[in-house]
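Here's the letter readout for the chains.
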Amino acid sequence: MNTGSDMSGEAAVAAHGVTVDESESREERGLGSRAPEFVKARRALHLSWQVGVFIVGLAVVAAGAAMLVLPGPGWVVIFGGMAIWATEFVWAQLVLRWTKRKVTEAAQRALDPKVRRRNIILTSVGVVIAAGLAGAYLWKFGLVLPWKIEDQ
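Residues numbered from 1 in each chain as written. Predicted model: local features only at pLDDT ≥ 70, side-chain atom pairs only at ≥ 80, totals over all residues. Heavy atoms only, no water.

1. Let's talk about the packing of aromatic side chains
If you walk through the whole model with that rule in mind, you get six aromatic pairs. Taking the centre distance of 5.4 Å and the plane angle of 55 degrees together, the rings of Trp85 and Trp91 count as tilted. We classify Trp85 as buried; its relative accessible area is 8%. Owing to a relative accessible area of 42%, Trp91 belongs among the partly exposed residues under this scheme. The interplanar angle of 25 degrees and the centroid separation of 6.1 Å between the aromatic rings of Phe89 and Trp91 together place this pair among those described as stacked. (Phe/Tyr/Trp six-rings, centres within 6.5 Å; stacked < 30°, edge-to-face > 60°. Buried < 20%, exposed > 50% of the residue type's maximum accessible area, 1.4 Å probe, protein only.)

2. Examining the packing of helix H2 (residues 43-69) against helix H3 (residues 74-86)
The packing of two helices is summarised by the inter-axis angle and the distance between the axes. In contact at an axis separation of 7 Å, H2 and H3 are set at 170 degrees when each is read in the N-to-C sense. With respect to their mutual orientation, H2 and H3 come out roughly antiparallel. Every residue of H3 that contacts H2 at Val53, Phe54, Val56, Gly57, Leu58, Val60, Val61, Ala63, Gly64, Ala65, Met67 and Leu68 is listed here: Gly74, Trp75, Val77, Ile78, Gly80, Gly81, Met82, Ile84 and Trp85. (Axes fitted to C-alpha atoms, helices over the stretch in contact; angles between N-to-C directions. Helix = DSSP H or I, 4+ residues; strand = E, 2+ residues; numbered from the N terminus. Parallel < 35°, antiparallel > 145°, perpendicular 65-115°, else oblique. Contact = heavy atoms within 4.5 Å.)

3. Brief notes about the nonpolar core
The biggest cluster of nonpolar side chains holds eight residues, and these are Val53, Val61, Met82, Trp85, Ala86, Phe89, Ala92 and Leu96. If you list the elements that add at least two residues to this core, you get H2, H3 and helix H4 (90-110). (Core = buried A, V, L, I, M, F, W, Y, C linked by side-chain atoms within 4.5 Å.)

4. Re the confidence of the model for the protein
Averaged over every residue, the pLDDT of the protein is 79; the share at 70 or more is 76%. Here strand E1 (residues 11-13) stands out as the element of the protein with the lowest mean pLDDT, 45, in contrast to helix H5 (residues 113-141), whose mean of 93 is the highest. For the stretch residues 1-28, pLDDT sits under 50, and the model shows 26 contacts to residues farther than four places along the chain or on other chains. (pLDDT = per-residue confidence, 0-100.)

5. Digging into the pattern of salt bridges
For the coordinates displayed, the defined rule picks out one salt bridge. The residue Glu105 makes a salt bridge to Lys102 at a minimum N-O spacing of 3.8 Å. Taken together, the residues Glu105 and Lys102, both in helix H4 and three residues apart, mark about one turn of the helix. Residue classification places Glu105 among the partly exposed residues on the basis of a relative accessible area of 33%. Owing to a relative accessible area of 38%, Lys102 belongs among the partly exposed residues under this scheme. (Salt bridge = Lys/Arg side-chain N within 4 Å of Asp/Glu carboxyl O.)

6. Observations regarding the packing of H3 against H4
Their axes nearest at 7 Å, the elements H3 and H4 cross at an angle of 135 degrees. The orientation of H3 with respect to H4, classified from their angle, is oblique. Handedness of the crossing formed by H3 with H4: left-handed. Note on element contacts: H4 touches H3 through Trp91, Ala92, Gln93, Val95, Leu96 and Thr99, opposite Phe79, Met82, Ala83, Trp85 and Ala86. Residue classes in the contact of H3 with H4 are distributed as nine nonpolar, two polar and no charged. (Left-handed = near helix turned anticlockwise from the far one by under 90°. Nonpolar A, V, L, I, M, F, W, Y, C, P; charged D, E, K, R; others polar.)

7. A word on the environment of Phe89
As for its position among the elements, Phe89 is in the loop between H3 and H4. Expressed as a C-alpha distance, the spacing of Phe89 and Gly32, which sit 57 residues apart in the sequence, is 6.2 Å. Once residues within four sequence positions are removed from consideration, Phe89 is found in contact with Gln50, Val53 and Phe54.

Okay, here's the thing in structure tokens:
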């Protein structure tokens with residue numbers, strides 16, 4: 001990314017106004033391990049590091065999978081586990097990049113005025129149908145409470 005200056009470490013302002021550090025650019029960031037250099041220098045230590053990262057990431061992904069059926073932010077936690085794995089494994093980095101790209105594309109499509117208009121119309125139609133069904137049910141059966149207050 002060219003910031004228009006030769007000084008390293010300067011931040012560039014993206015088109016949408018968010019400050020982006022040059023070294024954090026997606027294009028410049030390579031694939032591979034982000035372990036400290038002293039860990040990468042020793043094979044046994046690096047393998048232990050990878051096993052530890054894998055176990056921690058697996059625990060986070062498993063917790064996120066449990067949160068899909070239990071209360072909690074399941075998908076957020078699963079993507080957090082993938083981000084943990086992406087610090088060490090190329091396959092996770094590729095999956096995370098693909099996911100980010102697809103989410104960005106979906107967000108752009110959702111912001112399209114035609115799609116927003118269609119979604120608002122479909123939601124309005126759904127609300128009218130649900131209100132009509134609820135009204136028809138109440139008209140036919142009335143509001144019957146599941147308990148009898150006068151008996152107590």
